[in-house]
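# Results of the structural survey
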Amino acid sequence: MDPLHQLIEVWEILLAVASVLVALYASVHALTHKRDSRAATLWLGFIWLLPLLGALLYFVLGINRIKRRAMSLRAGIERYRTDAAVDVCSPESVANLLPPESGHLVTLAATTCKLLDASLLPGNRIEPLEDGDSAYPSMLEAIAKARHSIALSTYIFDNDPVGKTFAKALGDAVRRGVDVRVLVDATGLRYSWPSIVGALKAEGVPHARFMRTFPLRRLLEMNLRNHRKILVVDGRIGFAGGLNIREGHWLSRNPVRPIRDLQFRIEGPVVAHLQETFADDWHFTTGEALRGDTWFPELQACGSIIARGIPDGPDEDFEKMRWTFKAALAAAKNSVRLATPYFLPEPSLISSLNLAALRGVEVDILLPARNNLPFVHWASQAMWWQVLERGCRLWLSPPPFDHSKLLIIDDSWTLFGSTNWDPRSLRLNFEFNVECYDRDLARGLVQWFDRRRDEAHQTSLAEVDARPLPIRVRDGAARLLSPFL
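In what follows, the accompanying structure is described. Source: prediction; values computed, not measured. (Residues numbered from 1 in each chain as written. Predicted model: local features only at pLDDT ≥ 70, side-chain atom pairs only at ≥ 80, totals over all residues. Heavy atoms only, no water.)

### Examining the overall build of the protein chain
The secondary structure content of the protein chain amounts to 18 helices and 17 strands. Within the protein chain, the fraction of its 485 residues that count as buried is 54%. Once local pairs closer than 6 in sequence are excluded, the contacts in the protein chain between residues at least 24 apart make up 81%. Total accessible area on the protein chain stands at roughly 21300 Å², and carbon and sulfur atoms take up 58% of it. (Helix = DSSP H or I, 4+ residues; strand = E, 2+ residues; numbered from the N terminus. Buried < 20%, exposed > 50% of the residue type's maximum accessible area, 1.4 Å probe, protein only. Contact = heavy atoms within 4.5 Å. Areas by Shrake-Rupley, 256 points an atom, 1.4 Å probe, with all protein chains shown as cover.)

### Describing the pattern of salt bridges
A complete count under the given rule lists 27 salt bridges for this structure. For Glu130, the salt bridge goes to Arg451, with nearest N and O atoms at 3.6 Å. Residue Glu130 is found in strand E1 (residues 121-130), and its partner Arg451 is found in helix H16 (residues 439-455); the two are separated by 321 residues along the sequence. A residue is classified by how much of its surface remains accessible, and Glu130, at 26% relative accessible area, is partly exposed. Given a relative accessible area of 45%, Arg451 falls into the partly exposed group. Ionic contacts of the salt-bridge type, sharing partners, join the residues Arg337, Glu362, Asp364, Arg393, Asp411, Asp450 and Arg453 into one network. (Salt bridge = Lys/Arg side-chain N within 4 Å of Asp/Glu carboxyl O.)

### Looking at the packing of helix H7 (residues 131-145) against helix H8 (residues 161-175)
The interhelical angle for the contact between H7 and H8, taken along N-to-C directions, is 20 degrees, at an axis separation of 9 Å. In terms of orientation, H7 and H8 fall into the roughly parallel class. Crossing hand, H7 versus H8: left-handed. Contact residues: Tyr136, Met139, Leu140 and Ile143 in H7; Val162, Thr165, Phe166, Ala169, Leu170 and Ala173 in H8. When the residues that make up the contact of H7 with H8 are grouped by side-chain class, the tally is nine nonpolar, one polar and no charged. (Axes fitted to C-alpha atoms, helices over the stretch in contact; angles between N-to-C directions. Parallel < 35°, antiparallel > 145°, perpendicular 65-115°, else oblique. Left-handed = near helix turned anticlockwise from the far one by under 90°. Nonpolar A, V, L, I, M, F, W, Y, C, P; charged D, E, K, R; others polar.)

### Here we look at the pairing of strand E14 (residues 406-409)
Alternating residues of E14 divide into Leu406 and Ile408 and Leu407 and Ile409, and every residue in both groups is buried. Of the strand pairs in this sheet, strand E10 (residues 335-339) and E14 are connected by four bridges, and their pairing is antiparallel. Across the sheet, Arg337 pairs through a bridge with Ile408, a residue of E14. Taken together, E14 and the strand that follows it, strand E15 (residues 413-417), pair antiparallel across an intervening segment of three residues, in which Asp410 is found at a positive phi of about 55 degrees. (Pairing = 2+ DSSP bridges.)

### Describing H7
The terminal C-alpha atoms of H7 lie 22 Å apart, and with 15 residues this matches the ideal 21 Å at 1.5 Å per residue to within 8%. All buried positions along H7 are accounted for by Asp131, Gly132, Ala135, Tyr136, Ser138, Met139, Leu140, Ala142 and Ile143. (Expected span 1.5 Å × (residues − 1).)

### Quick word on the pairing of strand E3 (residues 179-185)
Along E3, six of the seven residues are buried, which leaves the element largely enclosed by surrounding structure. The β-α-β motif built from E3, the intervening helix H9 (residues 197-202) and the parallel element strand E4 (residues 207-210) has right-handed crossover chirality. (Right-handed = clockwise from strand over helix to strand, strands pointing away.)

### Focus: H8
An ideal rise of 1.5 Å per residue puts 21 Å on 15 residues; H8 measures up with 21 Å between its terminal C-alpha atoms. Taken as a whole, H8 has its buried residues at Val162, Gly163, Phe166, Ala167, Ala169, Leu170, Gly171 and Ala173. Those residues of H8 that are buried are in contact with H7, strand E2 (149-154), E3 and H9. Between the side-chain oxygen at the start of H8 and the backbone nitrogen of Val162 there is a gap of 3.1 Å, and the oxygen is on Asp160. Note on H8: the residue one or two positions beyond its end, Gly177, has a positive phi of about 95 degrees. (Polar contact = N/O pair within 3.5 Å; in protein donor to acceptor, adjacent residues only side chain to side chain.)

### Side note on the packing of aromatic side chains
Within this structure, the stated rule accounts for 10 aromatic pairs. Where Phe210 meets Phe284, the ring centres are 5.6 Å apart and the plane angle is 50 degrees; that geometry is what we call tilted. In this pair, Phe210 sits in strand E4 while Phe284 sits in helix H10 (residues 271-286), placing the two residues 74 residues apart along the sequence. Taken together, the aromatic side chains of Tyr136, Phe166 and Trp250 make up a single cluster linked through ring pairs. In this structure, Lys326 packs its charged tip against the face of Trp323, placed 4.6 Å from the ring centre. In this structure, Arg453 is placed above the aromatic ring of Trp395, and the distance from its NZ or CZ to the ring centre is 5.8 Å. (Phe/Tyr/Trp six-rings, centres within 6.5 Å; stacked < 30°, edge-to-face > 60°. Lys NZ or Arg CZ within 6 Å of the ring centre and 35° of its normal.)

### Quick look at the environment of Leu108
Mapped onto the fold, Leu108 is located in helix H6 (residues 106-115). The spacing of Leu108 and Ala330 is 222 residues in sequence and 8.3 Å in space, taken between C-alpha atoms. When near neighbours in sequence (up to four residues on either side) are disregarded, Leu108 contacts Ala327, Ala328, Ala331, Trp413 and Tyr437.

### Side note on the nonpolar core
Within soluble globular proteins, side chains that are nonpolar tend to cluster in buried spots. If you look at the biggest cluster of nonpolar residues, it comprises 51 residues, and the most contacted ones within it are Leu407 and Tyr437. Per element, the largest residue contribution to this core is six residues, and it comes from helix H11 (residues 320-331). Residues within four places of Leu407 in sequence aside, it is in contact with Phe325, Ala328, Val336, Arg337, Leu338, Trp413, Thr414, Leu415 and Trp421. Counting 44 residues, the second largest nonpolar core, distinct from the first, contains Val270, Phe278, Trp395 and Phe430. (Core = buried A, V, L, I, M, F, W, Y, C linked by side-chain atoms within 4.5 Å.)

Okay, structure coming up:
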């Protein structure tokens with residue numbers, strides 16, 4: 001045999017050995033790291049049936065580097081925790097502050113206290129604000145009255161009349177000597193062109209972009225988005241919910257693309273949790289530490305609501321929101337009211353909803369009949385049968401598009417904020433929510449929910465199954481993309 005053929009044989013042997021070794025390594029990784037046995041089985045098939053290529057696909061697509069990347073990006077930053085609110089509320093005391101019929105929620109309080117870092121804080125006042133018509137004037141009024149500091153974090157800050165109004169109000173605050181910091185997600189800035197950055201610069205407003213660049217070497221960071229919506233004025237008045245800053249939310253102005261939503265005005269010790277989350281994000285983005293009474297004044301009780309802020313993201317706060325959802329659904333005895341614009345729950349959350357319904361809990365899920373993201377709507381439709389067949393009730397609210405995010409358990413426990421029921425919110429985004437133990441707040445929001453439900457169309461399993469075959473195929477294909485939507 002000539003030397004060339006001998007060399008080829010050697011390389012073939014080396015390639016075969018390398019292929020087996022790489023496949024073994026990938027297989028061991030899949031077997032030891034994949035929680036879902038079906039996913040592990042699928043990847044093992046790819047790894048061994050497609051030599052080298054299957055292993056390469058697994059190393060590129062099968063490993064969750066998003067969480068690892070987010071944790072490495074934020075590693076070493078100083079996480080700020082204020083001790084201004086010293087009167088924390090133990091889980092046992094929750095039962096004493098709720099009516100007897102809601103006493104069982106002490107179990108939920110005990111569970112979330114084990115899941116979350118922050119403490120339950122009593123003495124808060126929380127006011128729901130419906131749509132931009134109520135929320136924007138209240139937010140602008142608070143900005144106009146600011147004397148010490150303003151912290152604003154938002155996903156979308158459009159360069160439209162509403163965005164320019166906020167930029168002007170923030171600029172006026174700067175000129176009064178108020179310390180202002182504005183953090184906007186880099187992707188959210190691209191929803192309008194040119195972006196609002198020019199207006200903020202013209203007004204002299206200190207601002208920063210969260211994850212601002214897209215080079216190939218940082219490709220994994222493209223999915224790490226700051227979806228939080230937080231405004232804190234003077235460290236004492238907070239706003240949180242699902243409301244971005246854009247004209248579509250101000251319905252009385254008849255915007256081209258109207259969007260309904262809920263925002264909440266917050267006073268009391270829990271405002272410190274909003275400010276802590278903003279301070280952490282600002283320090284991560286800019287390196288500047290926000291400290292002292294300007295940002296973190298001593299907070300006094302001013303209401304009766306027990307509340308806690310819940311930051312969630314693909315870092316040290318990973319899966320906090322998912323587990324909070326599960327704990328709330330497990331605690332429900334009578335009713336679950338869920339409103340979300342994007343409903344692509346993972347199998348374990350579907351099981352939690354179904355188990356609640358099978359226990360006799362009334363589970364009502366309110367979704368927009370017409371979504372602003374067609375692919376998400378198609379993928380969601382492909383999943384509806386999974387909750388309808390076990391007794392959950394699904395309601396489709398008419399336009400305008402409803403962006404509200406709300407969970408109410410047994411008319412006593414409320415969760416609001418920025419998190420959607422989809423993989424992006426629960427795995428990739430940095431989110432912020434507030435859980436509340438208060439029957440009066442919950443009942444007021446139950447009235448809001450029931451009004452929206454009365455306007456909605458209740459869909460049924462028969463109706464979902466009656467979709468034409470091409471529509472079902474389209475929806476099923478879209479569902480395959482749900483981890484990326």
